Amino acid sequence: YRAEAALALASVQDTTASLQLGTTLLEDPYLQSRINAAFALGQTGGYASANALIPALTDSSSLVVNEVLQGLGKVITNRDLISLVGFQTKDTIQENGLAWGFYFAGMRGITNEQMSKRAEEFLSEKYATFTRLGAAHFFNRASNLKEVPAQALL
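Just so we're clear, the structure is a prediction, and the values are computed from it rather than from any experiment.

Definitions and limits used
- The numbers attached to residues start from 1 for each chain and follow its sequence in the written order.
- Per-residue local features are limited, in this predicted model, to residues with pLDDT of at least 70; the limit for side-chain atom pairs, both in listing and counting, is 80 or more; totals at the level of whole chains, interfaces and linings are taken over all residues.
- For the side-chain quantities, the full set of heavy atoms in the structure was used; hydrogens and water were omitted.
- Secondary structure elements follow DSSP: runs of H or I of four or more residues count as helices, runs of E of two or more count as strands, with numbering from the N terminus.
- Here's how the labels work: a residue is buried when its accessible area is under 20% of the maximum for its type, exposed when over 50%, partly exposed in between, all with a 1.4 Å probe on protein chains only.
- Contacts are assigned to residue pairs that have any heavy atoms within 4.5 Å of one another.
- Definitions used throughout: a 1 Å grid over protein atoms alone; a cavity as a set of points that fits a 1.4 Å probe which cannot get out; a pocket as an open set with protein on both sides within 12 Å along at least five of seven lines; a lining residue as one with an atom within 4 Å of a point.
- Grid points are joined across faces, edges and corners, and a volume is the space filled by probe spheres set on the points.
- Amino acids are sorted into nonpolar (Ala, Val, Leu, Ile, Met, Phe, Trp, Tyr, Cys and Pro), charged (Asp, Glu, Lys and Arg) and polar (every other residue, Gly among them).
- A pairing counts as a salt bridge when a side-chain nitrogen of Lys or Arg comes within 4 Å of a carboxyl oxygen of Asp or Glu.

Caption draft 1: Structural view of the side chain of Ser61. In this fold, Ser61 is placed in the loop between helix H4 (47-53) and helix H5 (62-75). On the accessibility criterion, Ser61 (12% relative accessible area) is buried. Excluding its chain neighbours within four sequence positions, the residues that come into contact with Ser61 are Leu31 and Arg34.

Caption draft 2: Representation of the layout of surface pockets in the model. By volume, the largest pocket amounts to about 240 Å³. In this structure, the largest pocket is lined by 13 residues; those nearest its centre are Asn112, Glu113, Ser116, Lys146 and Glu147. Considering each element in turn, the lining of the largest pocket owes the most residues, four residues, to helix H8 (residues 113-122). The residue inventory of the lining of the largest pocket, partitioned by class, reads four nonpolar, four polar and five charged.

Caption draft 3: Main features of the pattern of salt bridges. In the structure shown here, the tally under the stated rule is four salt bridges. Salt-bridge contacts for Arg2 lead to Asp28; the nearest nitrogen and oxygen are separated by 2.5 Å. Of this pair, Arg2 sits in helix H1 (residues 2-12) while Asp28 sits in the loop between helix H2 (18-27) and helix H3 (31-44), placing them 26 residues apart in sequence. With a closest N to O distance of 3.4 Å, Glu113 and Lys117 form a salt bridge. In this pair, Glu113 and Lys117 both sit in helix H8, four residues apart, roughly one turn of the helix. Taken as a pair, Glu113 and Lys117 share a single burial class, namely exposed.

Here it is as structure tokens:
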């Protein structure tokens, strides 16, 4: 029920639920509840959502961290951008989340040079297909980019 309630709150997008979703994200023992809470916070937006997502970057599950990274891309501001850009991935699941987090931030015009460099690195063949796809979408849709690595995209 907690997982389904969190998922339902993603549709409602009511910022007054951010505190409870943040508590669920950080404390719920059930994996799907934490994943859904991270998704809902990303859909809800606002400072409370970003503040709830940032501490969850240390979650023990890469599936949760994947959703947290994507959610951060949807809600983060330039003030907290280092939390996303400076995140060190541990596996392909987290790399996927980071690439798509960059994409979501870029669509909102939240970019910097370090993000572009990391996204360009994700275009390399050594990364999983979905990670590379997220990075390619970042360069296709992000605004405020100073330079697009055409050769790496090819």
